[in-house]
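Okay, here's what each chain looks like letter by letter:
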Amino acid sequence: MVDYSLRRRAVLADVHAARTGLLEVCDATPYLSRAATFHGEVIEASCPVCRKQRLARVNYVYGDGLGTVAGQAKTAAELARMDAMQEEFAVYEVEVCRSCGWNHLDCSYLLGSEPVPGQPRRTRRRAVTD
Ligand SMILES: [Zn+2]
């Protein structure tokens, strides 16, 4: 599990100190906003920038074994299903404000199992190394 909360705090501190413009951090693309609406899970936290709306969390999946699914947004239920059926793939959790467009990569981790020849598939979780 790679946690990006320190970077998030640093970005927000810059926003509040006006060292970073809102246009730079509230730059969710129409595609991301749509993914947040249709595939996002609304979480407890409200937007740290505009405080108008609760944040939505979107899970993007990436992996060589995913084919055309790579780069798509998936719900938690879909991730659980993929975890059981797919080879190893990476999940990137992004928080999005559907009001002002704030977005931030929260964390990334691996799901799925790596097939081992001659052994049953095993599920494991480990941090994405970057
Ligand atoms: Zn906002």
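Everything quoted here is computed from the prediction, not taken from an experiment. (Residues numbered from 1 in each chain as written. Predicted model: local features only at pLDDT ≥ 70, side-chain atom pairs only at ≥ 80, totals over all residues. Heavy atoms only, no water.)

1. Considerations on the overall build of the protein
And step 1. Per the secondary structure count, the protein includes four helices and six strands.
And step 2. Put simply, the protein runs from its N terminus to its C terminus through helices and strands in the order β-α-α-α-β-β-β-α-β-β.
And step 3. For the protein, with 130 residues in total, the buried portion stands at 36%.
And step 4. At a minimum sequence separation of 6, the contacts of the protein that also span at least 24 residues come to 54%.
And step 5. By element, 52% of the accessible surface of the protein is carried by carbon and sulfur atoms, the whole surface being about 7700 Å². (Helix = DSSP H or I, 4+ residues; strand = E, 2+ residues; numbered from the N terminus. Buried < 20%, exposed > 50% of the residue type's maximum accessible area, 1.4 Å probe, protein only. Contact = heavy atoms within 4.5 Å. Areas by Shrake-Rupley, 256 points an atom, 1.4 Å probe, with all protein chains shown as cover.)

2. A closer look at the coordination of the zinc ion
And step 1. For the zinc ion, the full set of protein donor atoms is Cys 47 (SG), Cys 50 (SG), Cys 97 (SG) and Cys 100 (SG), at a range of 2.3 Å.
And step 2. The site at the zinc ion holds four donor atoms, and with the angles between them running 106 to 114°, its shape is tetrahedral.
And step 3. Along the chain, the residues that donate to the zinc ion are spaced as C-x2-C-x46-C-x2-C. One end of the pair, Cys 47, is in the loop between β2 (41–46) and β3 (54–62); the other, Cys 100, is in the loop between β5 (89–96) and β6 (103–111), and 53 residues separate them in sequence.
And step 4. According to the relative accessible area criterion, Cys 47 is buried, its value standing at 0%. (Donors = N, O, S within 2.8 Å, 3.2 Å for Na, K, Ca; no water. Tetrahedral: all angles 85-135°; square planar, octahedral: opposite > 155°, others 65-115°.)

3. With respect to the pattern of salt bridges
And step 1. Applying the stated criterion across every chain yields a total of four salt bridges.
And step 2. Arg 8 serves as the salt-bridge partner of Glu 95, at 2.8 Å between the closest nitrogen and oxygen. Placement of the pair is Glu 95 in strand β5 and Arg 8 in helix α1 (residues 5–16), with a sequence separation of 87 residues.
And step 3. A salt bridge links Glu 93 to Arg 57; the shortest N-O distance between them is 3.3 Å. Placement of the pair is Glu 93 in strand β5 and Arg 57 in strand β3, with a sequence separation of 36 residues. (Salt bridge = Lys/Arg side-chain N within 4 Å of Asp/Glu carboxyl O.)

4. Structural notes on unusual backbone geometry
And step 1. Residues other than glycine seldom take positive phi values, yet Ala 18 does so here, at roughly 60°.
And step 2. Within the secondary structure, Ala 18 is located in the loop between α1 and α2 (22–25).
And step 3. The phi dihedral of Arg 51 falls on the positive side, at around 55°, and the residue is not glycine.
And step 4. Along the polypeptide, Arg 51 turns up in the loop between β2 and β3.
And step 5. Taking relative accessible area as the criterion, Arg 51 reaches 57% and is therefore assigned exposed.

5. Some remarks on the nonpolar core
And step 1. Residues Leu 12, Val 15, Val 25, Cys 26, Ile 43, Cys 47, Val 49, Leu 55, Cys 97 and Trp 102 constitute the largest nonpolar core, which totals 10 residues.
And step 2. Discounting residues that sit within four places of it in the chain, Trp 102 has contacts with Arg 8, Val 11, Leu 12, Val 25, Cys 26, Cys 47, Pro 48, Val 49, Leu 55, Glu 95, Val 96 and Cys 97. (Core = buried A, V, L, I, M, F, W, Y, C linked by side-chain atoms within 4.5 Å.)

6. Some details on the side chain of Thr 20
And step 1. With respect to the element layout, Thr 20 can be found in the loop between α1 and α2.
And step 2. Beyond its immediate stretch of four places on either side in the chain, Thr 20 contacts Asp 14, Val 15 and Val 25.

7. Side note on the environment of Leu 23
And step 1. Residue placement: Leu 23 occurs in helix α2.
And step 2. The exposure class of Leu 23 is exposed, given its relative accessible area of 77%.
And step 3. Residues Leu 23 and Cys 100 lie 77 residues apart in sequence; the distance between their C-alpha atoms is 9.6 Å.

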